[in-house]
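# Working through the structure, step by step
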Amino acid sequence: MTNVAVVGAGTMGNGIAHVFAQCGFAVQLVDVREAALDDALATIAKNLDRMIRKEKITEADKSATLGRIQTSTDLSTAVAGVELVVEAATENVDLKLDIFRQMDAAAPADAILATNTSSISITKIAAVTKRPGQVIGMHFMNPVPVMKLVEVIRGYATTDTVTNTIMDLAAKLGKVPTLANDYPGFVANRILIPMINEAIHTLHEGVAGVKEIDTVMKLGMAHPMGPLQLADFIGLDVCLAICRVLQEGFGQGKYAPSPLLVNMVMAGKLGRKSGEGFYLYTPGSKDLVVAPTFARGNL
Ligand code: NAD
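Residues numbered from 1 in each chain as written. Predicted model: local features only at pLDDT ≥ 70, side-chain atom pairs only at ≥ 80, totals over all residues. Heavy atoms only, no water.

### Regarding the overall build of the protein chain
Note the following rule: Secondary structure counts use DSSP, requiring at least four H or I residues in a row for a helix and at least two E residues in a row for a strand, with both numbered from the N terminus. The quantity called the radius of gyration is restricted to C-alpha atoms. Its globule counterpart is 2.2 Å times the number of residues to the power 0.38. Think of it in three bands: with a 1.4 Å probe and only protein chains considered, a residue is buried below 20% of the maximum accessible area for its type, exposed above 50%, and partly exposed in between. The contact rule is simple, with two residues in contact once any of their heavy atoms fall within 4.5 Å. What sets the accessible areas is the Shrake-Rupley method with a 1.4 Å probe; for residues, cover comes only from the shown protein chains. His residues and chain termini do not enter the charge count, which takes Lys and Arg as positive and Asp and Glu as negative. By convention, the charge on Lys lies at NZ, on Arg at CZ, on Asp at CG and on Glu at CD.
Counting secondary structure elements, the protein chain contains 13 helices and 10 strands. Against the 2.2 N^0.38 benchmark of 19 Å for 299 residues, the protein chain shows a C-alpha radius of gyration of 20 Å, consistent with a compact globule. Taking the principal axes of the C-alpha coordinates as reference, the protein chain spans close to 55 × 45 × 35 Å. Expressed as a percentage of the 299 residues in the protein chain, the buried residues total 45%. When contacts within the protein chain are restricted to residue pairs at least 6 apart in sequence, long-range pairs at least 24 apart make up 64% of them. Accessible area of the protein chain: about 14300 Å², with a carbon and sulfur share of 55%. Distance between charge centroids for the protein chain: 4 Å, based on 27 positive and 29 negative side chains.

### Some remarks on the state of the cysteines
Selection rule: Criterion for a disulfide: a pair of cysteine sulfur atoms within 2.5 Å.
In the structure shown here, the tally under the stated rule is zero disulfides. This cysteine, Cys239, is not joined by any disulfide, and Cys243 carries the nearest cysteine sulfur, 7.2 Å off. Here Cys239 falls in the buried class, since its relative accessible area comes to 0%. The exposure class assigned to Cys243 is buried, which follows from its relative accessible area of 2%.

### Quick notes on the packing of aromatic side chains
What counts here: By convention, a stacked pair of Phe, Tyr or Trp rings (six-membered ring in the case of Trp) has centres within 6.5 Å and planes under 30 degrees apart, an edge-to-face pair has planes over 60 apart, and any other such pair is tilted.
Tallied over the entire structure, the rule returns three aromatic pairs. Aromatic side chains Phe20 and Phe25 sit 5.2 Å apart centroid to centroid with 90° between the ring planes, which places their arrangement in the edge-to-face category. Each member of the pair, Phe20 as well as Phe25, carries the same accessibility label: buried. Their ring planes at 35° and their centres at 5.5 Å tell us that Phe278 and Phe294 sit as a pair that is tilted. Of the two residues, Phe278 sits in the loop between helix 12 (259-266) and strand 9 (279-280) while Phe294 sits in helix 13 (residues 292-295), which places them 16 residues apart along the sequence. The pair formed by Phe278 and Phe294 is uniform in burial state, with each residue classed as buried.

### Describing the domain arrangement of the protein chain
Inclusion rule: Where a domain begins and ends is set by an automatic assignment or by a domain database. For any pair of parts, buried area is found by adding up, for both, the accessible area (1.4 Å probe) each one loses once the two are put together. A pairing counts as a salt bridge when a side-chain nitrogen of Lys or Arg comes within 4 Å of a carboxyl oxygen of Asp or Glu. Polar contacts, as used here, are pairs of N or O atoms within 3.5 Å; protein pairs need one atom able to donate a hydrogen and one able to accept it. Residues neighboring in sequence count only if both atoms are side-chain atoms. In this count, Pro and Cys sit with the nonpolar residues alongside Ala, Val, Leu, Ile, Met, Phe, Trp and Tyr, while Asp, Glu, Lys and Arg are called charged and the others, Gly among them, polar.
The domain boundaries assigned to the protein chain delineate domain 1 (3-181) and domain 2 (189-291). Computed over C-alpha atoms, the centres of domain 1 and domain 2 are 28 Å apart. At the junction of the two partners, domain 1 supplies four residues and domain 2 supplies four residues. Carbon and sulfur atoms supply 56% of the area that domain 1 and domain 2 bury against each other, a total of about 320 Å² over both sides. The largest contributions to the domain 1 side of the interface with domain 2 come from Ser118, Ser119 and Asn142, which together make up 81% of the buried area. Run the count over domain 1 and domain 2 and you get zero salt bridges. Run the count over domain 1 and domain 2 and you get one residue pair in polar contact (both at pLDDT 80 or more). Looking at the side of domain 1 that touches domain 2 residue by residue, the class counts come to no nonpolar, four polar and no charged.

### Looking at the site of the ligand
This is how the line gets drawn: Nearness is defined per residue: one heavy atom within 4 Å of the molecule or strand is enough.
In the neighbourhood of the ligand, 22 residues make up the surrounding shell, with Met12, Asp31, Glu91, Lys96 and Ser118 lying closest. At 2.8 Å, a side-chain N or O of Lys96 approaches an oxygen atom of the ligand. Taking 830 Å² as the accessible area of the ligand by itself, protein coverage stands at 79%. Mapped by element, the contributors of at least two residues to the shell around the ligand are helix 1 (11-22), helix 5 (93-106) and strand 6 (135-140). Here the residues of the shell around the ligand are counted per class, giving nine nonpolar, nine polar and four charged.

### Let's talk about the packing of helix 9 (residues 210-221) against helix 10 (residues 227-234)
Our working rule: Axis definition: a line fitted to C-alpha atoms, over the contacting stretch in the case of helices. Angles run 0 to 180 degrees between N-to-C directions. Angles below 35 degrees are treated as roughly parallel, those above 145 as roughly antiparallel, those between 65 and 115 as roughly perpendicular, and all remaining angles as oblique.
Interaxial distance between helix 9 and helix 10 falls to 7 Å at its minimum, and their mutual angle equals 100°. Between helix 9 and helix 10, the angle is such that the two are roughly perpendicular. Here helix 9 contributes Val210, Ile213, Asp214, Met217 and Lys218 to the contact with helix 10, which in turn contributes Pro227, Leu228 and Gln229. Each residue belonging to the contact of helix 9 with helix 10 can be placed in one class, and the counts come to five nonpolar, one polar and two charged.

Written as structure tokens, this is what we have:
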């Protein structure tokens, strides 16, 4: 395999394109927004510069990597000659189903169609294509160039050949693949999101404060980041959406989101991206300051 396309050039898409290009693949990077493509190339260049400073790659590696990435706003043309497409567009079911219909119509019949979705059923996505056996989950972690894990998710119809190809490919990208079957949250978010939700319940019930909860998990469990800080990093709207997927998918009350999480999302407190979640985020400051609501203990 030498030619791939990455659909969606946001946070995940630019990282996925970066990793493929650095490993020698020719990459077609697609987005509906020209500005997203420009931003993606700038981010990839910045991340490659950081690797040069750390003496992990040379200037020549950087230009070769960038030289292997072509950008496009035309999905059908971009996927026409590739062996694999990794879809990393916005997490929205209808949007993804639509993209998969288009990719199925335009990509070569033997191409594999992968999705980086965090929570949408691979089986559901595969069912809108004429090649459900060639549809698979390839769930990279953020930031993609740094994080080693790729969760490979086998949909109901995914063939063993396609699964093995993607497992081998993830290893060629320098990642460690883990295989999971297609059930809500797969493995990563099925375990992570209930832990974050429980941390929010613990805060809401007044058992302990923001800093205390995060410190227990950092120092007591050797987590690099506490669950509330991690929730801010992921985005509280994303955490809530995944809670809902687990709740609906399993039909069990234990997956219901904390009312505090629901309230924070309704208030627009989405974590780092909105400037406030459990902590306050001031541009240029790296200090971890607890948001005023929680500093006052006023829930
Ligand atoms: P993002 O919002 O940063 O980027 C999404 C990009 O998709 C945007 O640039 C948008 O313009 C583009 N897009 C929208 N519609 C499109 C279309 N029809 N065709 C092509 N591009 C289109 O989102 P993200 O955080 O990069 O997430 C992308 C996917 O990766 C989602 O499925 C998400 O669940 C998954 N994911 C995200 C993370 C994370 O930490 N952010 C981690 C793992 C998986």
